[in-house]
Each structure stands twice: as structure tokens, then as C-alpha cells.
Amino acid sequence: MPTLARIAAGLALGTVGGMVFHALALPLPWMLGALFVTMTASVAGLPVQGPARLRSAIVAIIGVLLGSRFTPEVMGQVGETLVTLAILLVYLVVVALVVVPFYRYVGRQDWTTAYFAGMPGGLSEMIEFGEARGANVPAIVLAHSLRIVVTIALMAFLFRVVLGHDVGAAAMAPGPALGLVDAAILTASAVLGAFAGTRLKLPAPTFLGPLILSAAVHLAGFTESAPPTLLVNAAQVVLGTILGCRFLGIAPVMLARAGLLSLGSTILTLALAGVAGLAMGRAVGVGLDQALLALAPGGLTEMGLIALAIHADVAFVALHHVARILVVLVLAPLAVRLLPGDD
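Residues numbered from 1 in each chain as written. Predicted model: local features only at pLDDT ≥ 70, side-chain atom pairs only at ≥ 80, totals over all residues. Heavy atoms only, no water.

A. Highlighting the layout of surface pockets. Roughly 370 Å³ of volume is contained in the second largest pocket. Around the second largest pocket, the lining comprises 17 residues; the ones closest to its centre are Ala96, Leu97, Tyr115, Met119 and Ala335. At the level of secondary structure, the elements contributing two or more residues to the lining of the second largest pocket comprise helix H4 (78-106), helix H5 (111-118) and helix H14 (314-335). Examining the composition of the lining of the second largest pocket, we find that seven residues originate from one element, H4, more than from any other. Split by residue class, the lining of the second largest pocket holds 17 nonpolar, no polar and no charged. (1 Å grid on protein atoms, 1.4 Å probe; cavity = no way out; pocket = protein on both sides within 12 Å on 5 of 7 lines; lining within 4 Å. Points joined across faces, edges and corners; volume = space filled by probe spheres on them. Helix = DSSP H or I, 4+ residues; strand = E, 2+ residues; numbered from the N terminus. Nonpolar A, V, L, I, M, F, W, Y, C, P; charged D, E, K, R; others polar.)

B. Molecular detail of the packing of helix H12 (residues 288-295) against H14. Contact pair H12 / H14: the axes reach a minimum separation of 8 Å and the direction vectors enclose 30°. Where H12 crosses over H14, the two elements pack in a sense that is right-handed. Touching Gln290, Leu293, Ala294 and Leu295 of H12 are Phe316, Val317, His320 and His321, all from H14. In terms of residue class, the contact of H12 with H14 is made up of five nonpolar, three polar and no charged. (Axes fitted to C-alpha atoms, helices over the stretch in contact; angles between N-to-C directions. Left-handed = near helix turned anticlockwise from the far one by under 90°. Contact = heavy atoms within 4.5 Å.)

C. Up close: the packing of aromatic side chains. By the definition in use, this model includes five aromatic pairs. Seen in terms of ring centroids, Phe21 and Phe36 are 6.1 Å apart; in terms of plane orientation they differ by 35°. Their pairing is tilted. One end of the pair, Phe21, is in helix H1 (residues 3-23); the other, Phe36, is in helix H2 (residues 29-43), with 15 residues separating them in the sequence. Through successive ring pairs, a cluster of aromatic residues spans Tyr115, Phe116 and Phe129. Directly above the ring of Tyr105 sits Arg104, whose terminal nitrogen or CZ lies 5.6 Å from the centroid. (Phe/Tyr/Trp six-rings, centres within 6.5 Å; stacked < 30°, edge-to-face > 60°. Lys NZ or Arg CZ within 6 Å of the ring centre and 35° of its normal.)

D. Representation of the nonpolar core within the structure. Core analysis: the largest hydrophobic core is formed by 87 residues, its most contacted members being Ile62, Tyr91, Tyr103, Met155, Phe247, Leu293 and Met303. The residues contacting Met155, other than those within four sequence positions of it, are Leu270, Leu292, Leu293, Ala296, Met303 and Ile306. (Core = buried A, V, L, I, M, F, W, Y, C linked by side-chain atoms within 4.5 Å. Buried < 20%, exposed > 50% of the residue type's maximum accessible area, 1.4 Å probe, protein only.)

E. Molecular detail of unusual backbone geometry. We note that Arg108 has phi near 55°; this positive angle belongs to a residue other than glycine. Mapped onto the elements, Arg108 comes out in the loop between H4 and H5.

Bear in mind that shape data such as this cannot, by itself, settle questions of function.
So this is what it looks like as C-alpha cells:
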């Protein structure tokens, strides 16, 4: 099938998946529904493809949405944030000491592959570093792709079933009516933010740039509006489709083995996140649900959406994920020299 036809098929299946999950009132229905259906189709070998070139535009929309939830009260939390960032640093070290050996001994991978598969950094950066060091790149791709998928599913289940939060589309209530001036401001935040984020070489630039610019215009009082719900839901369908189609061409046996490894490593990481979250709560009174979202090894965009859905502090969650990515980005290439030799 032509590429456009495969993309259309992927988006059609993703939309159906989102509608089904929404009808069943499942958590994060538009993203998780699209992800689940297109991942199943990809593993089954159906002719689907994600619109990967749209990802930058999609995450820019979500960045503007999350930026619209920044309030002036955020600026008064600097002292508390320094304490929680210190806890985050300790947590990242412990995660590396636990999860990397897990991939080495349970996953039976060489130390270099285990290291870049187990470090909770960005997918593209870990692939680039791992490839430069001679690691098994497909194993790293699977580890990080599945880590994001498993984390989203576990966190959505945790907040919906265990903690009783509404993690559905209904939780994302629209803000004030979107006028022409508001629409222009939000569009400029997305376009200029993505451009500035890329030029400044920020982590996740097309997401973080729009988020920062959107937060700035909302904090300054230029607008109180957010992207319309229909656009946000469509963005989630596209994002879920892109994530699901990453598994195209992967043998079911390989996926099942990598999935079990990812499930084990994610449970270990979330357990450590729970301990660190309790420490944050004891130190500065941060709620466990908010701390878990800030520490969970999922994607910045996806964890931000869950934070928005349960009305958690989006700024707090986003800041800690940016810090996580930056710390791993800087330290991962340095600490890899400390790895023992393979047996």
C-alpha cells in the first residue's frame, strides 16, 4: 500500500480505538485507545503507519495546552521545588543502580545495552548514545518504547481504579471561550515556541518550547484560553497512533519478551518512585499522586496529560520531567565509563 494509505489506515484504526475506549469510559481514552489498537495492528502485520511527521505539531498543541494551566501561584513554590529536585537526583541514581542490573542479569543483555535500556532518559538520546557505544539498538528502542507504553497504562490504571481519579477526556474541561485574539496568541505560542525550543536545543524542543511560551503568556495575563477540546482529542489520537505504530514489524515473541522485561523494570521504577514520592510528601507536603506523576518513567507529554486530567500541578510535573531528561542526558555518557566488562 502507498504510504499515505497506510497512514490513513493507522489514523482510522486509532480513531476507532479512541472512540471505543471513550465509550467504555476507560482512562485517557483517545490516546490509550489509539495506542492499543494500532499497536495490535502493527504486531499483527497489518498495513498501518503512524504520521510521524505530524508529531512535532501534535506535541506543540499539547505543550500549549499544558502551558495554559500555569498560574501565578506556581512562582511561589521555588523553595519547595529545590528540595524535590534534590530528591529527584537521588531517585535517578537509585533507579540506575537497580534497573540497569535488572536488564543485565534478568534480560541477559550486555552491560552497555542494559545501561542505555535501563536509564530513564529520552528515547532518541539513549538510542544515539547506545549506538555510538556499540549497544544493541533494537533492544534499546523496544525497552524505551515499551517503558512509555507500560508506564502510561499502569499510571492510568492506578489513578483511575486504585486512587479513584477521573482520568478520562471529561476531566479536561475547556477554559474560557476561544476568541480570534486568543487563537492567534495560542497559535503563536505553538509556532514560535517550537522554533525557539529547536534553536535553543531544549530537550523535547517542539513540546517544551510551546509549553514555556504558553505558560509565559498565561502568567502574564494575555489570555486565559486553551486549545479546544476537539483539537486536543484529535492530537491524542495522532500521538497514540504514532506510538502504536512504532511496533510495526516486531515479532510477537520478541515483543512479548521485551514486554515482560519492561513490565518488570517499570514496576521496580514505580516502586522507587513511590518511596521518593513519600519522601517529597514528608519534606514539603507534596501529594503522592502528584509526586508519582513527576517521577514516573513515562514520557513528558503523556505524564503531563495525566496530570492535567486529574487536576494535578502540571508545572511541577513538567519541571521534574525536564530535570530528569537533562540529568540523564548529561550524566549518562559520563557514567557509562564506570560499567564493568561483560563476562
